[in-house]
Amino acid sequence: MKGTPSTQYDRATAERVVEQLRYGVPPPEHVREFTVGRESQLRALEDSLARPIEGRGSALLVKANYGSGKSHLLRVVREMALEAGYAVSYVVVDSAGGVRFNRMDTIFGAICRELQAKGHAYKGVGALFETFANRPPGGMSKDLEQIRRRISSDGKWDLSDYLKSPAIYVALRAWICAGGQEARDLIRDWLENPQNYRGQRKQLYLGLVEGHRRAFRDPRREWQFYADEVFSFHTSGHLQAWGALADFDLLARASGLRGFVLLFDEFEDVIQNLNRRDLQEAAFLNLFRFFDGDRFPGMSYFAVTPDFVQKCETELLKRGVYDFDYQRFDRLPFFEMEPISLAEFADLARRIRSVYGAAYDVNAHRLLPDADLDRVVERLWTVRSPDRVRKAIQGVVKALDDGLEREGR
């Protein structure tokens, strides 16, 4: 805890925090201030962000019950990673919404849309490209300087095979060399929604290559871009989507960041909403690829419930899948967070009261004295619900609202 909210928030920020707490969750950038208890576990989780072995990634199942703040915990990791100097992307898996874990092109698009890098207020793949493009010369190791030279072919940007994804090379080159808003808008829309560009390779070639050949001398003819599937993320087993994720980790490090961290929420969507066993098997294989560390060299986290492995095995067996290597599920490393206690929620309620006072410039202790707040907390905590914490947070804010209304404000 970095001090109480009332001492670190100005009134405008406090108002925004309270308005978000009305929905039962703190704003994404203030999650840690409203995370109570379990300090040793949180430190262990923070330690997991240590840079993995060069060239190999690692992954972790983050287990917590729905009522224990499963998504909240993943948002804590996002804040930790951003503060530690990583680029980060937080993706909610949603088959109905087109973010399907059996289709890495859709996962890649969602990762691009949600990408964050320190120093950029907006989300999106442009945040990483801008960080790379604006990195001042000097101040980095000879190895990273060499990587930047190899990516840009010594600043000529004619052709480089150093990145795993030819698409990312084309996009990054156009972002830096073309410089115009039209090209950058096209790059963002293509990478953030690749499924919309399956039949638009001519548009991408003209907008990102042919229209800017005076800025670089790419030796390839137009047909070669099409033959090599440069503009496609859905072909060849989604290999280019995987390559692009590895490139993002490399670009992050070559920009002075520590690497790229991926966060996946609602992975159990794979069980609930993928209705064919071949799609489920493909999704689980993609999960294992993150844990194997060969395709993505960064760190990835998957928020799941404690019985996730058992549910996966039961689902596949129910569908008659008997030749699957079920032991792979049992070998997945995990981190399990204990549910918060009544005493810890009482601490959280006091933090909410503190920021509420800062938001409305009132004496929040007078609105809701300790004894009254404790009674509110105990009453809210008796309600059994899968999202008890969220509803209890809303209940505390409402009790403070009621106190404010009694004062006629």
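Given the structure is predicted, the values throughout are model-derived calculations rather than measurements. (Residues numbered from 1 in each chain as written. Predicted model: local features only at pLDDT ≥ 70, side-chain atom pairs only at ≥ 80, totals over all residues. Heavy atoms only, no water.)

(A) Seen up close, the pairing of strand β1 (residues 58–63). Most of β1 is tucked away, with five of its six residues classed as buried. Sheet topology places β1 next to strand β5 (residues 299–304); six bridges connect them, and they run parallel. The residue bridging Leu 60 from the neighbouring strand is Tyr 301, located in β5. (Buried < 20%, exposed > 50% of the residue type's maximum accessible area, 1.4 Å probe, protein only. Helix = DSSP H or I, 4+ residues; strand = E, 2+ residues; numbered from the N terminus. Pairing = 2+ DSSP bridges.)

(B) Representation of the sheet that holds strand β2 (residues 87–92) in the model. Taken together, the six strands give an open sheet; going across it, the order is β3-β2-β4-β5-β1-β6, and neighbouring strands pair in mixed fashion. Both edges of this open sheet fall to β3 (115–116) and β6 (334–336), since each of them pairs with a single strand only. Alignment of β2 against β3, held across two bridges, turns out to be antiparallel. Bridge pairing in β3 links Ser 89 to Leu 115.

(C) Representation of the confidence of the model for the protein chain within the structure. Taken residue by residue, the protein chain gives an average pLDDT of 87. The fraction at 70 or more is 94%. Looking across the protein chain, the model is least confident in helix α1 (residues 5–8), with a mean pLDDT of 55, and most confident in helix α5 (residues 104–113), with 98. (pLDDT = per-residue confidence, 0-100.)

(D) The side chain of Thr 106, seen in detail. Its location among the elements puts Thr 106 in helix α5. Polar side-chain contacts of Thr 106 include one of 3.0 Å to the backbone nitrogen of Arg 100. Those residues in contact with Thr 106, other than ones at most four positions away along the chain, are Gly 98, Val 99 and Arg 100. (Polar contact = N/O pair within 3.5 Å; in protein donor to acceptor, adjacent residues only side chain to side chain. Contact = heavy atoms within 4.5 Å.)

(E) The arrangement of the layout of surface pockets in detail. Taken as a whole, the second largest pocket spans an internal volume of roughly 340 Å³. Forming the boundary of the second largest pocket are Pro 28, Glu 29, Arg 78, Glu 79, Leu 82, Glu 83, Gln 116, Ala 117, Lys 118, His 120, Ala 121 and Lys 123. Per element, the largest residue contribution to the lining of the second largest pocket is four residues, and it comes from helix α4 (residues 70–84). A breakdown of the residues in the lining of the second largest pocket according to their chemical character gives four nonpolar, two polar and six charged. (1 Å grid on protein atoms, 1.4 Å probe; cavity = no way out; pocket = protein on both sides within 12 Å on 5 of 7 lines; lining within 4 Å. Points joined across faces, edges and corners; volume = space filled by probe spheres on them. Nonpolar A, V, L, I, M, F, W, Y, C, P; charged D, E, K, R; others polar.)

(F) Region of the structure containing the packing of aromatic side chains. All told, the structure shown has 28 aromatic pairs when counted by the stated rule. Arranged with centres 4.9 Å apart and planes meeting at 50 degrees, the rings of Trp 242 and Phe 290 form a pair that is tilted. Of this pair, Trp 242 sits in helix α12 (residues 239–254) while Phe 290 sits in helix α14 (residues 277–292), placing them 48 residues apart in sequence. Take Phe 290: its relative accessible area is 1%, and that puts it in the buried class. (Phe/Tyr/Trp six-rings, centres within 6.5 Å; stacked < 30°, edge-to-face > 60°.)

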